[in-house]
Amino acid sequence: MRSLHNAAYDAPLVLVLAGLGDTAQRAADLGLSRLARGAVHSLSCLHPEDSADLIAGWGRHFRLPQGSCQDCMRALAADCDHWPVHVQNALSALAEEIVAREGDMRCLDLARVSGRSGKLQEYYYASRMSPRMHNSDYLLAAVMRDLRSGMKSGEIMDAINELAGTGTSIRWRLPKGMDEEDYYQHLVHHGALQADAFGHVSCPLPSFRRYMVRMGEPPAPAPEQAS
């Protein structure tokens, strides 16, 4: 890596890095280079019109008739905040149904398509959750629930510090060996948090935020039985 930085290869090189929210910081930690202005492009949700164009173009490519299936796809895209991989998964679910019906568009089960799309969405979220996030899911849910627009990393670390250990369950505790800064950086690495160029931190995928909050909601206490 150092030889790349020192131009030891005597040839022009362009370093391309792709990953989650901490990729630029990891590159800086390695001492590879300073990033040029405009060289960082964060993945975000599509605009609704872009989702509609993607769905329409997909249908034209496969010569599908206009109809209820496109309406279903647009609704699924809206439900998942127009996140690119979820729109792709919704279209994959539709393709599976079309194949299962041997191309007979009159027999499509759009409820089945919606269910399959939802399952693919859940698998995607589960793949982003680390064991440490699972084991501290009450704390994680509280942090994500309290996330506000315009917050800086220090404010989120303060919130983590205040929320950690507020319940009796181990699921409220910081993972072993982690402090609030380690936990914050872990959430950035796994795509739960992302800072913009001005240092404002948000969850880049609103539906992932809702998933983390929902998965970490402590169960409601059982109603007392009348004696």
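The model shown is predicted, which means the values in this text are computed figures rather than measured ones.

Participant: Sorry, what's going on with the overall build of the chain here?
Facilitator: Helix and strand counts for the chain come out as eleven helices and two strands. When the helices and strands of the chain are placed in sequence order, the string is α-α-α-α-α-α-α-α-α-α-β-β-α. Evaluated residue by residue, the chain yields a buried proportion of 34% over its 227 residues. Contacts in the chain between residues at least 24 apart in sequence constitute 66% of all its contacts with a sequence separation of at least 6. Accessible surface for the chain amounts to roughly 14300 Å². Of this, 52% is attributable to carbon and sulfur atoms.

Participant: It is not clear to me how the nonpolar core should be interpreted in this structure. Could you clarify?
Facilitator: Generally speaking, a soluble globular protein has its nonpolar side chains buried in company with each other. Leu-140, Met-144, Ile-156, Tyr-184, Leu-193, Phe-208 and Met-212 are the most contacted members of the largest nonpolar core, which totals 32 residues. Take this core: its biggest share by element is six residues, from helix 8 (residues 137-145). Membership of the second largest hydrophobic core comes to 16 residues, among which are Ile-55, Cys-69, Ala-93 and Val-113.

Participant: How do you make sense of the pattern of salt bridges when you look at a structure like this?
Facilitator: Two side chains of opposite charge can pair, provided their charged atoms sit close to one another. The final tally for this structure, using the stated rule, is nine salt bridges. Of the charged contacts in the structure, one is a salt bridge between Glu-97 and Arg-101, with a shortest N-O distance of 2.8 Å. Taking the relative accessible area as the measure of exposure, Arg-101 reaches 32% and is therefore partly exposed. Arg-171 serves as the salt-bridge partner of Asp-137, at 2.7 Å between the closest nitrogen and oxygen. Of this pair, Asp-137 sits in helix 8 while Arg-171 sits in the loop between helix 9 (153-163) and helix 10 (180-189); the two residues are 34 residues apart in sequence, bridging distant segments of the chain. For Asp-137, a relative accessible area of 10% puts it in the buried group.

Participant: Sorry if this is basic, but what is going on with the environment of Leu-64 here?
Facilitator: If you trace the backbone, Leu-64 turns up in the loop between helix 3 (48-61) and helix 4 (68-79). The exposure class assigned to Leu-64 is buried, which follows from its relative accessible area of 15%. Taking C-alpha positions, Leu-64 is 10.0 Å from Ile-98, a pair spaced 34 residues apart along the chain. In contact with Leu-64, not counting residues within four places along its chain, are Trp-58, Gly-59, Gln-70, Ile-98 and Met-105.

Scoring rules and cut-offs
- Residues numbered from 1 in each chain as written.
- Predicted model: local features only at pLDDT ≥ 70, side-chain atom pairs only at ≥ 80, totals over all residues.
- Heavy atoms only, no water.
- Helix = DSSP H or I, 4+ residues; strand = E, 2+ residues; numbered from the N terminus.
- Buried < 20%, exposed > 50% of the residue type's maximum accessible area, 1.4 Å probe, protein only.
- Contact = heavy atoms within 4.5 Å.
- Areas by Shrake-Rupley, 256 points an atom, 1.4 Å probe, with all protein chains shown as cover.
- Core = buried A, V, L, I, M, F, W, Y, C linked by side-chain atoms within 4.5 Å.
- Salt bridge = Lys/Arg side-chain N within 4 Å of Asp/Glu carboxyl O.

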